[in-house]
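Single-letter residue listing:
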2 protein chains.
Amino acid sequence: MLSIGTLSKRTGVKVPTIRYYEQVGLLAAPERTDGNQRRYGPAQLERLGFIRHARDLGFSIEAISALIDLQDHPDRSCVTANAIARTQLSDVREKIARLQRLETELARITTRCEGQGVAQNCYVLASLADHGFCETEH
Amino acid sequence: MLSIGTLSKRTGVKVPTIRYYEQVGLLAAPERTDGNQRRYGPAQLERLGFIRHARDLGFSIEAISALIDLQDHPDRSCVTANAIARTQLSDVREKIARLQRLETELARITTRCEGQGVAQNCYVLASLADHGFCETEH
DNA sequence: TGTAGGGTCTCTAGGGACTAGAGGTTCAAG
DNA sequence: CTTGAACCTCTAGTCCCTAGAGACCCTACA
């Protein structure tokens, strides 16, 4: 039986975050000691690892809830799990594409201003003021 | 003199967002009509365009405040503007790198599970449960 | 057995950047 | 002059935590 602090160290999830997950129903409420402190078993250690990993991959709490629900019903079809992961994948791809456009723009802006002039002639400021300076869409 | 709605249409910034920017001090409080409605001049139209563009590029409100401050003092050195933009650029690059690692992982997970099986054997669920399945760091 | 100190408890509030809604007022067109 | 869209303020909600206050518990050591 692990205390919340030990669970935290094992999983890398901060103590208040664990309590938060319990509050929003992502992690089941654990047993308590006579003194009202939480004590976790190995199943909950594993589950929190699952949550952590999914969060690291950017899944929302809601999506993780759905995935956990599936885990608890191993006889169900995994179409849903697949759909959730695919949605997440396309989200990630969209974000990458968008960030790459920003990167291009920012790189261009910063290389043209070496930070040696004065605000009045600053290319960074001018670029931000006028979208027409941009070479890509964003 | 533009109403808040017209300003919104011209810049693509939503009405409540414009009020929010005023509240947090990003946009100066404009003149008002006798009936207490906001009226904006061309300078504020331009400024909101600047803000919009910077937000689109992912700059924080705080960073934008600093940039606006520089705009208002055209005699100052633009070292700060340059530094802000460079920080933003490296933030964006970090995010891209991270998302690309996630993409690899998610792509792998989803291609190995076609959604035809049952949750018990689902590769998506298994991968999330056990970090050891992963091929990249994240 | 007493005590020190770190860990834990609940509760509330804050953060960033908005977004939504309620309930009331003003403006401009017809 | 009337209608109805646009505007006003204020509060609360979103997401996913994070921080703090004030009180209680647990364990190791003397």
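Just above sits the structure.
First, a word on scope: everything that follows refers to the structure included in this document. (Residues numbered from 1 in each chain as written. Chains lettered and ligands numbered in written order. Predicted model: local features only at pLDDT ≥ 70, side-chain atom pairs only at ≥ 80, totals over all residues. Heavy atoms only, no water.)

Observations concerning the relation of the copies chain B and chain A
Turning to step 1, where the next piece is worked out: Mapping chain B onto chain A is achieved by rotating through 180° and translating by 0.0 Å along the same axis, at an RMSD of 0.1 Å. Both chain copies can therefore be described as sitting about a two-fold axis. Of the C-alpha atoms belonging to chain B, the one lying closest to the rotation axis is found on I96 of chain B, 2.8 Å away.
Turning to step 2, where the next piece is worked out: The share of interface residues of chain B whose copies in chain A are also at the interface is 100%, consistent with both copies meeting through the same surface. (Least-squares fit on C-alpha atoms with pLDDT ≥ 70 in both. Contact = heavy atoms within 4.5 Å.)

A short note on the environment of D91 of chain B
Residues and elements named next belong to chain B.
Turning to step 1, where the next piece is worked out: Residue position: D91 is located in helix α5 (residues 79–112).
Turning to step 2, where the next piece is worked out: Classification of D91 by relative accessible area gives partly exposed; the value is 33%.
Turning to step 3, where the next piece is worked out: When the C-alpha atoms of D91 and F59 are compared, they prove to be 9.9 Å apart, with 32 residues separating the residues in sequence. (Helix = DSSP H or I, 4+ residues; strand = E, 2+ residues; numbered from the N terminus. Buried < 20%, exposed > 50% of the residue type's maximum accessible area, 1.4 Å probe, protein only.)

Things to note about the protein's contact with DNA strand D
Turning to step 1, where the next piece is worked out: Among the 18 residues in the neighbourhood of DNA strand D, the closest are listed as R55 of chain A together with S3, G5, R19 and R38 of chain B.
Turning to step 2, where the next piece is worked out: Each atom of DNA strand D within 4 Å of the protein was assigned to sugar, phosphate or base; sugar and phosphate come to 90%.
Turning to step 3, where the next piece is worked out: The separation between a phosphate oxygen of DNA strand D and a polar side-chain atom of T17 of chain A is 3.1 Å.
Turning to step 4, where the next piece is worked out: Measuring from a phosphate oxygen of DNA strand D, one finds a side-chain N or O atom of Y21 of chain A at 2.9 Å.
Turning to step 5, where the next piece is worked out: The set of elements that each furnish at least two residues to the surface near DNA strand D consists of α2 (15–23) of chain A together with α1 (4–11) of chain B.
Turning to step 6, where the next piece is worked out: Considering each element in turn, the surface near DNA strand D owes the most residues, three residues, to α2 of chain A.
Turning to step 7, where the next piece is worked out: Its residues placed into classes, the surface near DNA strand D shows four nonpolar, nine polar and five charged. (Near = heavy atom within 4 Å. Polar contact = N/O pair within 3.5 Å; in protein donor to acceptor, adjacent residues only side chain to side chain. Nonpolar A, V, L, I, M, F, W, Y, C, P; charged D, E, K, R; others polar.)

Some points on the protein's contact with DNA strand C
Turning to step 1, where the next piece is worked out: DNA strand C sits among 18 residues. The nearest are S3, R19 and R38 of chain A together with Y21 and T33 of chain B.
Turning to step 2, where the next piece is worked out: Taken together, the sugar and phosphate atoms account for 87% of what DNA strand C places within 4 Å of the protein.
Turning to step 3, where the next piece is worked out: At 3.2 Å, a side-chain N or O of R32 of chain A approaches a phosphate oxygen of DNA strand C.
Turning to step 4, where the next piece is worked out: Here a phosphate oxygen of DNA strand C sits 3.1 Å away from a polar atom, N or O, in the side chain of T17 of chain B.
Turning to step 5, where the next piece is worked out: Only α1 (4–11) of chain A together with α2 (15–23) of chain B provide two or more residues apiece to the surface near DNA strand C.
Turning to step 6, where the next piece is worked out: Residues of the surface near DNA strand C, tallied by class, amount to four nonpolar, nine polar and five charged.

Quick look at the environment of C122 of chain B
Turning to step 1, where the next piece is worked out: Relative to the helices and strands, C122 of chain B is located in the loop between α5 and α6 (123–129).
Turning to step 2, where the next piece is worked out: Judged by relative accessible area, C122 of chain B falls into the buried class, the value being 2%.
Turning to step 3, where the next piece is worked out: As for C122 of chain B and R112 of chain B, which are separated by 10 residues in sequence, their C-alpha atoms are 8.9 Å apart.
Turning to step 4, where the next piece is worked out: The residues contacting C122 of chain B, other than those within four sequence positions of it, are C78 and A81 of chain A together with C113 of chain B.

Keep in mind these numbers describe shape, not what the thing actually does.
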